[in-house]
Amino acid sequence: GTLRLMTPRLSIVVPFYCVENYIGDCLASIARQSFEDFEVVLVDDGSTDGTQAVIDRVVRQRQDPRLRVIQRANGGLSAARNTGIAAAQGELIGFLDSDDAWRADKLERHVRLFAADPGLGLTFSQSDYMTEAGHLTGTRLRTTRHQPSLHDMLRRNHCGNGSTVVIRRD
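Note that the structure is predicted; figures quoted are calculated from it, not measured.

1. Details of the packing of helix α1 (residues 23–31) against helix α2 (residues 51–62)
- Across the interface, α1 lies against α2 with an axial gap of 10 Å and an inter-helix angle of 30°. Regarding the angle of α1 to α2, the classification is roughly parallel. Seen along the crossing, α1 lies across α2 with a hand that is right-handed. Taken together, the residues of α2 that come into contact with α1 (itself represented by Ile-23, Gly-24, Leu-27, Ala-28 and Ala-31) are Thr-51, Val-54, Ile-55, Val-58 and Arg-62.

2. Some details on the packing of aromatic side chains
- Overall, the coordinates contain zero aromatic pairs when judged by the stated rule.
- Above the ring of Phe-38, the side-chain terminus of Arg-66 is found at 4.2 Å from the ring centroid.

3. A short note on the nonpolar core
- Counting residues in each nonpolar core, the largest one holds 24 residues, and the members touching the most others are Leu-10, Ile-12, Val-14, Ile-23, Ile-30, Phe-38 and Val-40.
- Going through the elements one at a time, β1 (10–16), α1, β2 (38–44), α2 and α4 (106–116) are the ones with two or more residues in this core.
- What Val-14 contacts, discounting residues up to four positions off in sequence, is Ile-23, Cys-26, Ile-30, Val-40, Val-41, Leu-42, Val-43, Leu-96 and Ser-98.
- Grouped together as the second largest cluster of nonpolar side chains are six residues, Val-13, Ile-93, Phe-95 and Phe-124 included.

Scoring rules and cut-offs
Residues numbered from 1 in each chain as written. Predicted model: local features only at pLDDT ≥ 70, side-chain atom pairs only at ≥ 80, totals over all residues. Heavy atoms only, no water. Axes fitted to C-alpha atoms, helices over the stretch in contact; angles between N-to-C directions. Helix = DSSP H or I, 4+ residues; strand = E, 2+ residues; numbered from the N terminus. Parallel < 35°, antiparallel > 145°, perpendicular 65-115°, else oblique. Left-handed = near helix turned anticlockwise from the far one by under 90°. Contact = heavy atoms within 4.5 Å. Phe/Tyr/Trp six-rings, centres within 6.5 Å; stacked < 30°, edge-to-face > 60°. Lys NZ or Arg CZ within 6 Å of the ring centre and 35° of its normal. Core = buried A, V, L, I, M, F, W, Y, C linked by side-chain atoms within 4.5 Å. Buried < 20%, exposed > 50% of the residue type's maximum accessible area, 1.4 Å probe, protein only.

Below, the structure written as structure tokens:
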């Protein structure tokens with residue numbers, strides 16, 4: 001018979017450009033996720049530092065078929081993120097900036113919310129600020145609206161930053 005690979009429930013899109021000092025911690029936070037039915041779409045936006053060497057080392061060490069790397073000429077964060085979205089195969093898409101890290105239960109909590117409400121299109125979380133060394137500062141980015149309407153979202157960004165959001169593909 002023909003081997004058919006299962007489509008992941010969730011795709012994690014990680015655009016990166018010259019982040020060799022941060023990408024290792026970013027990828028480690030993905031590896032610690034309690035929810036495991038995902039793929040990782042890493043989009044190299046034309047890095048010119050040692051970031052690609054760090055990525056190559058992680059991919060070689062983990063030998064995880066869920067990791068995919070896409071190379072592209074530098075076009076900026078939005079273009080790199082859109083490249084990742086186009087390549088993503090999951091029903092859900094989570095976004096993680098390459099200089100950020102996730103808590104180990106982040107994806108599990110988001111997936112649970114989507115499973116409970118088939119009409120839900122977007123979820124987001126709060127963010128804890130960290131130092132460049134990865135230590136929590138004690139400051140948290142939070143919103144006053146936990147269920148903002150579309151009108152609220154058009155008037156103000158309630159999601160915080162690019163690493164908090166998980167969306168339903170459709």
